[in-house]
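Analysis of the macromolecular model
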Amino acid sequence: SPLNGATGVAVNSAINATFSEVMDANTITTATFSLTDGVTAVTGTVNYTGTTATFTPASNLAYATSYTATITTGVKDSAGNAMTADYIWSFTTGAAPDVTPPEVSATSPTSNETGVAVNSAINATFSEVMDANTITTATFTLSDGINAVTGTVNYTGTTATFTPLSNLVYA
């Protein structure tokens, strides 16, 4: 369960609280174990097993949101003793995943450029940082329309560079 002040908590997390002793399960409910985003109560269910209470939200939590969990003095141990104070802790969920597809934002040489030097490297600049492991000679290729050009690929910053192993053919 998220520790007090934890950040990057998964939005599909259940929230757990482990007690120091066996508790009266009948006192551990959504009335005594709650979760809010600071304004709105999160709907969910509460289960208790062993010494651990679990609040399971009915749906995923929101991204990049601070939540506060509260266990009230309404919970009691198996002898009927209530907690002396509410237990409150907070955590923040992680940022929303990047779902924007990348684009090639620039090339060098440009599309249909003529008079390009035969010893030129070919560059493609992306609109965002890419996974360097996916930019290889299998994913960045060069051909004369018929024959593949052999070369190496390097990636730095947001730019991939295809360097032919030998000079390109004159027009």
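Remember, it's a predicted structure, so these values are computed and weren't measured experimentally.

All right, on to the overall build of the protein chain then. Each helix and strand in the protein chain was counted, giving zero helices and 11 strands. Taken along its principal axes, the extent of the C-alpha atoms in the protein chain is 90 × 30 × 25 Å. When burial is assessed residue by residue, the protein chain has 27% of its 171 residues classed as buried. A separation threshold of at least 6 residues defines the contact pool for the protein chain, and within that pool the share at least 24 residues apart is 55%. As displayed, the protein chain has an accessible area near 10500 Å², and 52% of this comes from carbon and sulfur atoms.

Here we take up the sheet that holds strand 11 (residues 159-164). Taken together, four strands build an open sheet; the order of strands is 8-9-11-10 and the sheet is antiparallel. The sheet is open, and its two edges are formed by strand 8 (104-108) and strand 10 (151-156), each paired on a single side. Neighbour to neighbour, the strand axes of the sheet diverge by 15° on average, direction disregarded. Sheet analysis places strand 8 next to strand 9 (residues 122-126), joined by four bridges and oriented antiparallel. Across the sheet, residue Ser-108 finds its bridge partner in strand 9, namely Asn-123.

We now examine the packing of aromatic side chains. This structure, assessed with the given rule, holds seven aromatic pairs. Taking 5.9 Å as the distance between ring centres and 55° as the angle between the ring planes, the aromatic pair formed by Phe-33 and Phe-55 counts as tilted. Here Phe-55 lies in strand 5 (residues 52-57) and Phe-33 lies in strand 3 (residues 33-36), a separation of 22 residues in the sequence. A single burial state applies to Phe-33 and to Phe-55, both of which are buried. Centroid distance Phe-33 to Trp-89: 6.0 Å. Interplanar angle 45°. Geometry classified as tilted. Taken together, the residues Phe-33 in strand 3 and Trp-89 in strand 7 (residues 87-93) connect sequence positions 56 residues apart. Its relative accessible area of 1% is what places Phe-33 among the buried residues. For Trp-89, a relative accessible area of 4% corresponds to the buried category. Each member of the aromatic cluster is reached from another via a ring pair, and the members are Phe-33, Phe-55, Tyr-87 and Trp-89.

Reading the values: the criteria
Residues numbered from 1 in each chain as written. Predicted model: local features only at pLDDT ≥ 70, side-chain atom pairs only at ≥ 80, totals over all residues. Heavy atoms only, no water. Helix = DSSP H or I, 4+ residues; strand = E, 2+ residues; numbered from the N terminus. Buried < 20%, exposed > 50% of the residue type's maximum accessible area, 1.4 Å probe, protein only. Contact = heavy atoms within 4.5 Å. Areas by Shrake-Rupley, 256 points an atom, 1.4 Å probe, with all protein chains shown as cover. Pairing = 2+ DSSP bridges. Axes fitted to C-alpha atoms, helices over the stretch in contact; angles between N-to-C directions. Phe/Tyr/Trp six-rings, centres within 6.5 Å; stacked < 30°, edge-to-face > 60°.

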